Amino acid sequence: MATDIPIIDAHVHLYPESEISNLAWCLPENPLAKQQSVEEYKAASISSPPRGFIFVEADRKNDLNAGVKDGSGWEGPLMEVAWLKRIITGQPKANEGHTVSDASLCAAYIPWAPLPSGSGAMEKYLELVEREAGESWPKVKGFRYLLQDKPGGTMLQDGFIESLKLLGRRGFVFELGVDQHRRGRTQLEEVVEMIDRAHEGVPEDEKVAFIINHMCKPDLEVYNTHTSTSFIAWRTAIFTLSKCSHTYMKLSGGFSEMPESLKQRPAEEIFDALVPWLTIIVAAFGADRIMFASDWPICTLGIGDSAWEKWKKIVERLCWMASFDDEQKKMIWGGTALKAYRIES
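Here is a short report on the structure shown in this document. Note that the structure is predicted; figures quoted are calculated from it, not measured.

**Focus: the packing of aromatic side chains**
Item 1. In total, this model carries 16 aromatic pairs according to the counting rule given.
Item 2. Between phenylalanine 174 and phenylalanine 210, the ring centres sit 6.1 Å apart and the planes meet at 80°, which makes this aromatic pair edge-to-face. Of the two residues, phenylalanine 174 is situated in strand β5 (residues 173–176) and phenylalanine 210 in strand β6 (residues 210–212); the sequence distance between them amounts to 36 residues.
Item 3. Relative accessible area serves as the criterion here: at 0%, phenylalanine 174 is assigned to the buried category.

Okay, here's the thing in structure tokens:
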């Protein structure tokens, strides 16, 4: 990789130790139940310091019904917005793991949002986010409601589709997190229908863009991709999703979907094992709709402190395999993220 190509890491999660109890998933015994702030991220990526990162909501505790009723169910996600505001404005609290000099590192952030609650609730919630974000509001480029573990049909409800159309009208992206590995082909089929419905009858310049997380979390434990129904279903969905020009794919999340034995192998051997999946992504989306993303600190599970650099090496090898020229490499390492999230470079 050319050393003069700046990196925008398109997917990181950060949280201070003081707010771990506000995370919906992080029990005390979880190895990630410790401060994961800018300081720790910089240490993890010190071999090739990124020019910036895109923060994606870390699944704070929330309650859709209480949010609609009186706003109390939205307090956790709004606390996260306040945390990002402190990073971006350079106003850390004591022992939060970031400094004034780190303020420019967050290129954009993607808070949680109650999309199933419908456009009326979404309008109210966006007003609260804007108020909480204050001067950091221009860096809010989209929203996420994590779908990977939600009941089937959630993303196809009328309220959800209305919320997606609202995001498009407001110029925000939707951060799409689904899980083909554990939820199977049905969830990917729902994604295709959701996108079609969200764009139906909508002017081109108001169609919401979908930033697809973690390659749709494919089953990377598959041994024979020629006969695997899981791989064939994933491949079909990837090509279908790529036909929509408003979709982008993150090269991220691979470590979480592969067997433990593979995680311990050198980056070159991991890359070789991932070639069937990576080849499909390149063929479907091309360099101008693919972006490097580490999924830090989730990527460290089962690997340790070397995970960020290890994933970077895998993406570097992909660029080599695909014979990307310098302009295409610039898109992978940051250009696509700047374009997809409408970030001024």
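Here the narrative resumes.
**Considering the packing of helix α8 (residues 229–242) against helix α11 (residues 267–285)**
Item 1. Packing of α8 against α11 leaves a shortest axis separation of 9 Å and a crossing angle of 20°. Judged by the inter-axis angle, α8 sits roughly parallel to α11. Seen from above, α8 lies across α11 with right-handed handedness. Between α8 and α11, the residues in contact are Phe231, Trp234, Arg235, Ile238, Phe239, Leu241 and Ser242 and Pro276, Trp277, Ile280, Ile281, Ala283, Ala284 and Phe285, respectively.
Item 2. The class makeup of the residues in the contact of α8 with α11 is 12 nonpolar, one polar and one charged.

**Remarks on the pattern of salt bridges**
Item 1. Enumeration according to the criterion identifies 19 salt bridges in this entry.
Item 2. Between arginine 60 and glutamate 19 there is a salt bridge, and its shortest N-O distance comes to 2.8 Å. Here arginine 60, found in the loop between β2 (52–56) and α2 (64–70), pairs with glutamate 19, found in the loop between β1 (8–12) and α1 (38–44); they are 41 residues apart in sequence, far enough to count as distant.
Item 3. Given the relative accessible area of 7%, glutamate 19 is considered buried.
Item 4. In this structure, lysine 150 engages aspartate 149 in a salt bridge whose closest nitrogen and oxygen atoms are separated by 2.8 Å.
Item 5. A relative accessible area of 19% places lysine 150 in the buried class.

**Some details on the nonpolar core**
Item 1. In terms of nonpolar packing, the biggest core is built from 94 residues, with Leu14, Phe143, Leu164, Phe174 and Met194 touching the most fellow members.
Item 2. Of all the elements, α11 adds the most residues to this core, at 11 residues.
Item 3. Grouped together as the second largest cluster of nonpolar side chains are 18 residues, Ala10, Ala108, Tyr248 and Ala337 included.

**Section: the side chain of lysine 207**
Item 1. Here lysine 207 lies in the loop between α7 (185–199) and β6.
Item 2. The residues contacting lysine 207, other than those within four sequence positions of it, are Gly168, His199, Val202 and His246.

**Observations concerning the pairing of strand β3 (residues 106–110)**
Item 1. Counting buried positions along β3 yields five of five residues, so the element is predominantly enclosed.
Item 2. Relative to β3, β2 is paired through four bridges, and the arrangement is parallel. Of the residues in β3, the one forming a bridge with valine 56 is isoleucine 110.

**Observations concerning the sheet that holds β2**
Item 1. Pairing is parallel across the open sheet formed by three strands, whose spatial order is β1-β2-β3. With partners counted over all chains shown, the strands left at the sheet margins are β1 and β3, one partner each. Between one strand axis and the next, the sheet turns by 15° as a mean value, whatever way the strands run.
Item 2. The sheet contact formed by β1 and β2 spans three bridges and is parallel. Within the sheet, the bridge partner assigned to isoleucine 8 lies in β2 and is glycine 52.

Conventions we followed
- Residues numbered from 1 in each chain as written.
- Predicted model: local features only at pLDDT ≥ 70, side-chain atom pairs only at ≥ 80, totals over all residues.
- Heavy atoms only, no water.
- Phe/Tyr/Trp six-rings, centres within 6.5 Å; stacked < 30°, edge-to-face > 60°.
- Helix = DSSP H or I, 4+ residues; strand = E, 2+ residues; numbered from the N terminus.
- Buried < 20%, exposed > 50% of the residue type's maximum accessible area, 1.4 Å probe, protein only.
- Axes fitted to C-alpha atoms, helices over the stretch in contact; angles between N-to-C directions.
- Parallel < 35°, antiparallel > 145°, perpendicular 65-115°, else oblique.
- Left-handed = near helix turned anticlockwise from the far one by under 90°.
- Contact = heavy atoms within 4.5 Å.
- Nonpolar A, V, L, I, M, F, W, Y, C, P; charged D, E, K, R; others polar.
- Salt bridge = Lys/Arg side-chain N within 4 Å of Asp/Glu carboxyl O.
- Core = buried A, V, L, I, M, F, W, Y, C linked by side-chain atoms within 4.5 Å.
- Pairing = 2+ DSSP bridges.

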